[in-house]
Amino acid sequence: MNFLFRQLHSTHMKITLFASVFLALAATAVAANLSVTSEPIAGAPGSFVAAEIRREAAARGMTVGETAGAVHVVLTVEKAGAAAAQSYSIRVKNEGARRSITVRGADPRGAMYGGLDIAEAIRLGTFDTLGDSDHTPFIAQRGIKFNIPLDKRQPSFDDNGTSGQENFQHVWDLSFWKDYLDTIARQRYNVLSLWNRHPFPTLVRVPGYEAVALDDVYNKKGQLIRRMPHAEKVKFWNDVIAYAESRGIDVWWYVWNIHVYGSEETSYGITDSPDNPTTKDYIRKSVTQLFLTYPKLKGLGLCPGEHFGDRNKDHDFKEQWCWDVYGEGVLDYKQTNAQREIGFVHRYWLTDFKYIGRRFEKLPDGYDLEYKYSKARLYSAPNPPFAKKDILDATPPTMKTWWNLRNDDIFLVRWGDPEYVKQAVLSFPGNGRTAGYVLGSDRFCWGRESASKTPSSPRQLENEKHWYSFLLWGRLGYDPETSPELLKGLIASRLKTTQSAKLYDTWQAASRIIPLVNRTRYVPWDYMWWVEGCRGNLLDKSIQGFHTVNIFLDPRWGGMEGTQHIGIPEFVSGKKTSGIAPLASADQLDALANDALKGAAEINDGGNTELRETLGDIHAQARLGQYYAAKIRGTVSAGLFRRTGEARHQTEAVAHLEKALIAWHDYARELDANYTNRLYIAGQKTFDWFDDSGPRADIEIARKGNL
């Protein structure tokens, strides 16, 4: 596969925009008349963005159509030399009284992205000053990881949370996908990966296993959502994939192994046993049928296993099984469809490359690996150290990898730190080792939001609620040098504020809190730790529920590897003294919280609901920072008391943890202003922010002194 990792070598459109200027311009049209032509070669993406330009122009009071003196915008495709896919140029000409703007894309996607720049310039009031520019993607494949709850009979990794349960209905609504795909295209994503443990009963009718194909759709409670014959399901997903293509987006399906959900009621003898030949035959034929059924599907991703039972540590056996099923299934398809390129991704999880390469190198179109880049802690450090040892040093230098950007940190509050995202993008491995990235979660469904106290109808897309963070990961993935002034302009436009510069800085300060907590106390996997709720659950009973002082002192969870942070247990024991001490982290958390609260207090929401809720989320992050600052200090003091027996440490621990309780109450009030309490968070159970038994237990732990 020709997935490219390219260093940015373009000139960038420099936009200087201040909110006061923006609002002054917003009152008048930037130009009187506008005409837009999307040449046929720009295809459906060109038609989409031409409509975007016309919509923005009409909203600005411009006359749209071919009239005398109209500014003429042309969208076309003209690949110049070795121009990278998705690249584009904007050229502006003034010929007498006639102004023309030509967007030349290296392909329809490039033309679309250039057209989105034009629409954006109209919206921000910079259209009249638009100049020549050239643009090339920094990361070629910028994707979304969408764990999709298809049906009670076909779960994704974990659909038990409120977000998963609420989205069963939405993922079978074509209008949802149209809104969603339009949104992520504007955010500059070009890959949608759909993850389900075993999607084949929904997607295909397999010769010889026809009865596995499922009609109708049921939610997690077993309630019928809609009557839908299997043939209609096939048409539905072909329509989704075709619509995605019209927005420059490739669709992939990802599966886990070995799961056979949906086949239980049939008489074929399909089981989840790795030794069952019927299962292997059925899934192999499902893979072949998948590509026969969906001619526009880009590819398939697999995980070598969390469900191989006693054979899970036998990598040779697992990889042979996966090759016999998935590799051979692709080869079966290619026998009669040699001309079609099939994308293939092999997840690097519970496996070893020496068992992968000699098998999957036989795929005629090649394959990429996929790796959990920050483990489950996307919001920790922008340059995590894990990939070098686990992937780069363990695989050939020509091997490309997709970085799985697992956000199992932030589900509720709106986040936005452009510098963090920029540094993350710039830190992705170079020298051809990066295939792309996919952004998402394992235990949260980023479909329509399910937590707002004042929901819209239909409910807002999570990608719209969290528009800024999704925009940052998509937009800066395309161009990490995107101007902060442009981002401030987008904030001003979206939230209708004259204080976008202040909001930019304030939002950034608040958004640095959760990553700092995770660097100070790094707990790698989703089920172990959820920072918004200060809790963990599932596999390890020693860290289930609220994470008390005792759990914070557990020597397993120190500072994040690859950073200078000293973990709390290491600091208390005196085993590590060089680096950033946890008390210094606590001071920084308080400073960030104070900056966020001070900045938010100076911003007037002007009656704008979204700005009010955004400020509420900034307040919530600040209060959470104050909570963790006090909790870290209290934990350190409690640990020092246990080590030294000095009474002053115990007194300090109690005082700090009493402050933590107050901060927790403040945090709960901020969350409750925007969100419905007692949300069920998959992997963490119900989160009741008014339940202060955990912070109170910490005070009692400190008073008692010892475990």
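So, how was this worked out
Residues numbered from 1 in each chain as written. Predicted model: local features only at pLDDT ≥ 70, side-chain atom pairs only at ≥ 80, totals over all residues. Heavy atoms only, no water. Core = buried A, V, L, I, M, F, W, Y, C linked by side-chain atoms within 4.5 Å. Buried < 20%, exposed > 50% of the residue type's maximum accessible area, 1.4 Å probe, protein only. Contact = heavy atoms within 4.5 Å. Pairing = 2+ DSSP bridges. Helix = DSSP H or I, 4+ residues; strand = E, 2+ residues; numbered from the N terminus. Axes fitted to C-alpha atoms, helices over the stretch in contact; angles between N-to-C directions. Parallel < 35°, antiparallel > 145°, perpendicular 65-115°, else oblique. Nonpolar A, V, L, I, M, F, W, Y, C, P; charged D, E, K, R; others polar. Phe/Tyr/Trp six-rings, centres within 6.5 Å; stacked < 30°, edge-to-face > 60°. pLDDT = per-residue confidence, 0-100. 1 Å grid on protein atoms, 1.4 Å probe; cavity = no way out; pocket = protein on both sides within 12 Å on 5 of 7 lines; lining within 4 Å. Points joined across faces, edges and corners; volume = space filled by probe spheres on them.

Trainee: Could you clarify how one ought to interpret the nonpolar core in this entry?
Mentor: One broad rule of soluble globular proteins: the nonpolar side chains tend to lie buried together. Among the nonpolar cores identified, the biggest contains 202 residues, and Phe146, Trp177, Trp237, Tyr326 and Trp473 are the most heavily contacted of them. Not counting the four nearest positions on each side in its chain, tyrosine 326 is found in contact with Val255, Trp256, Asn257, Ile283, Val287, Leu300, Leu302, Trp321 and Phe344. Counting 11 residues, the second-largest nonpolar core is a separate cluster that includes Phe157, Trp252, Tyr254 and Val438.

Trainee: Would you mind going over the sheet that holds strand β12 (residues 299-302) with me for this structure?
Mentor: For sheets, the rule is that strands pair by backbone hydrogen bonds, running either parallel or antiparallel. If you trace the 8 strands once around the closed barrel, you get β7-β8-β11-β12-β13-β14-β15-β16, paired in parallel fashion. Between one strand axis and the next, the sheet turns by 25° as a mean value, whatever way the strands run. Bridging between strand β11 (residues 250-255) and β12 involves 4 bridges; their strand directions are parallel. Residue valine 255 lies in a different strand from β12, and its bridge partner there is leucine 302. Sheet strands in contact with helix α14 (residues 467-478) are β7 (142-147), β15 (401-406) and β16 (434-440), and its direction is about 170° off that of β16.

Trainee: Is there a simple way to think about the environment of glycine 436 in this case?
Mentor: With respect to the helices and strands, the residue glycine 436 is situated in strand β16. Ignoring any residue separated from it by four or fewer positions in sequence, one finds glycine 436 in contact with Ile139, Gln141, Thr401, Trp402 and Trp403.

Trainee: Looking at this model, I keep getting lost on the packing of helix α15 (residues 484-495) against helix α16 (residues 500-511). Mind explaining?
Mentor: Think of two packed helices as two axes; the pair is described by the angle between the axes and how far apart they sit. Taken N-terminus to C-terminus, the directions of α15 and α16 make an angle of 105°; their axes are 9 Å apart at the nearest point. The orientation of α15 with respect to α16, classified from their angle, is roughly perpendicular. Residue-level contacts link Pro484, Leu487, Lys488, Ile491, Ala492 and Leu495 of α15 to Ser500, Ala501, Leu503, Tyr504 and Trp507 of α16. Partitioning the contact of α15 with α16 into residue classes produces 9 nonpolar, 1 polar and 1 charged.

Trainee: I tried to follow the packing of aromatic side chains on my own but got confused; where do I start?
Mentor: The way to describe two aromatic rings as a pair is by their centre distance and the angle between their planes. One pass over the structure, following the stated rule, counts 52 aromatic pairs. Ring geometry for tryptophan 172 versus phenylalanine 236: centroids 5.4 Å apart, planes at 35°, classification tilted. You can see tryptophan 172 sitting in the loop between α4 (162-167) and α5 (174-186) and its partner phenylalanine 236 sitting in helix α7 (residues 230-246), a full 64 residues away along the chain. Judged by relative accessible area, which is 8%, phenylalanine 236 ranks as buried. Judged by centre distance (5.8 Å) and plane angle (35°), the rings of phenylalanine 386 and tyrosine 522 are tilted. In this pair, phenylalanine 386 sits in helix α11 (residues 386-392) while tyrosine 522 sits in the loop between α17 (513-520) and β17 (535-536), placing the two residues 136 residues apart along the sequence. The buried category is assigned to phenylalanine 386, whose relative accessible area is 6%. Owing to a relative accessible area of 8%, tyrosine 522 belongs among the buried residues under this scheme. Connected via pairs of aromatic rings, a cluster forms that spans Phe146, Trp172, Phe176, Trp177, Tyr180, Phe236, Trp237 and Trp253.

Trainee: Whenever I open this one, the confidence of the model for the protein confuses me. Can you help?
Mentor: Note that predicted coordinates carrying low pLDDT should not be read in detail. Mean pLDDT over the protein stands at 94; residues scoring 70 or higher make up 95%. Scored below 50 in pLDDT, residues 1-29 makes 77 contacts in the model with residues more than four places away or belonging to other chains.

Trainee: I tried to follow the layout of surface pockets on my own but got confused; where do I start?
Mentor: The gaps left among the atoms become clear once a water-sized probe is rolled over them. What the second largest pocket holds in volume is close to 440 Å³. Lining the second largest pocket are 20 residues, with Phe157, Glu306, Arg443, Tyr527 and Leu539 positioned closest to its centre. Considered class by class, the residues forming the lining of the second largest pocket number 9 nonpolar, 2 polar and 9 charged.

Trainee: Got a minute to help me understand the sheet that holds strand β2 (residues 63-64) in this structure?
Mentor: Taken in spatial order, the 6 strands of this open sheet run β2-β1-β3-β5-β4-β6, and their pairing is mixed. At either margin of the open sheet sits one strand with a lone partner, and together these are β2 and β6 (133-135). Pairing geometry for strand β1 (residues 33-38) and strand β3 (residues 71-77), over 5 bridges, is parallel. By the bridge assignment, valine 36 is partnered in β3 with valine 73.

Trainee: Where do I start with the pairing of strand β14 (residues 368-376) in this structure?
Mentor: Regular strands have side chains that alternate between both faces of the sheet. The buried fraction of β14 amounts to 8 of the 9 residues, a majority that puts the element mostly inside the structure. Inspection of the sheet shows strand β13 (residues 343-347) paired to β14 by 3 bridges, in the parallel sense. Paired with arginine 347 across the strands is glutamate 370, a residue of β14. Pairing analysis gives 4 bridges linking β14 to β15, with the strands arranged parallel. Note that in β15 the partner of leucine 369 across the bridge is threonine 401.

Trainee: Looking at this structure, I do not really get the pairing of strand β5 (residues 98-105). What am I missing?
Mentor: Extensive coverage of β5 is indicated by the burial of 6 of its 8 residues. The sheet contact formed by β3 and β5 spans 6 bridges and is parallel. Bridging from a neighbouring strand, valine 77 pairs with glycine 105 of β5. Pairing of strand β4 (residues 88-95) with β5, which is carried by 8 bridges, proceeds in the antiparallel orientation. Across the sheet, the residue bridging to isoleucine 90 is valine 103, located in β5. Between β4 and β5, which pair antiparallel in sequence order, lie 2 residues; one of them, glycine 96, sits at a positive phi of approximately 65°.

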